[in-house]
Amino acid sequence: MHSEFVENWVPSLDAGEVARGYVYYPAPADDVTSVTVEAERIGQVAGIPVF
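Residues numbered from 1 in each chain as written. Predicted model: local features only at pLDDT ≥ 70, side-chain atom pairs only at ≥ 80, totals over all residues. Heavy atoms only, no water.

(A) Geometry of the overall build of the chain. Of the regular secondary structure elements, the chain holds 0 helices and 4 strands. The buried share of the chain, taken over its 51 residues, is 0%. When contacts within the chain are restricted to residue pairs at least 6 apart in sequence, those whose partners lie at least 24 apart make up 0%. As displayed, the chain has an accessible area near 5,000 Å², and 55% of this comes from carbon and sulfur atoms. (Helix = DSSP H or I, 4+ residues; strand = E, 2+ residues; numbered from the N terminus. Buried < 20%, exposed > 50% of the residue type's maximum accessible area, 1.4 Å probe, protein only. Contact = heavy atoms within 4.5 Å. Areas by Shrake-Rupley, 256 points an atom, 1.4 Å probe, with all protein chains shown as cover.)

Following this line, the structure appears as structure tokens:
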């Protein structure tokens with residue numbers, strides 16, 4: 001997490017619990033319409049739209 005900014009505290013969750021968090025990344029090039037994010041224990045999530 002060298003170039004990202006996490007807006008809020010990220011808690012440790014037990015199975016079945018949920019929480020919402022926000023992460024800001026540097027903007028991609030103007031012609032990019034979607035990105036893929038990879039997270040531990042979730043894997044890759046492809047096709048996230050960029051507005």
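(B) View of the pairing of strand 3 (residues 34-39). Summarising the sheet, strand 3 and strand 4 (residues 43-49) pair through 5 bridges and their orientation is antiparallel. Its bridge partner being in strand 4, Ala39 is matched across the sheet by Gly43. Between strand 3 and strand 4, which pair antiparallel one after the other, the connecting turn spans 3 residues, and Arg41 there sits at a positive phi close to 70°. (Pairing = 2+ DSSP bridges.)

(C) A look at the confidence of the model for the chain. Per-residue confidence for the chain gives a mean pLDDT of 81; residues scoring 70 or more make up 78%. Of all secondary-structure elements in the chain, the lowest mean pLDDT belongs to strand 1 (residues 5-6), at 58, while strand 4 reaches the highest, 94. (pLDDT = per-residue confidence, 0-100.)

(D) Region of interest: a nonpolar patch on the surface. A cluster of nonpolar side chains, namely Ile42, Val45 and Ile48, defines an oily patch on the protein surface of about 250 Å² accessible area. Relative to the elements of secondary structure, Ile42 occurs in the loop between strand 3 and strand 4. Since its relative accessible area comes to 62%, Ile42 is described here as exposed. (Patch = residues over 30% accessible without salt bridge, like charges linked within 9 Å, V, L, I, M, F, W, Y side chains within 5 Å. Salt bridge = Lys/Arg side-chain N within 4 Å of Asp/Glu carboxyl O.)

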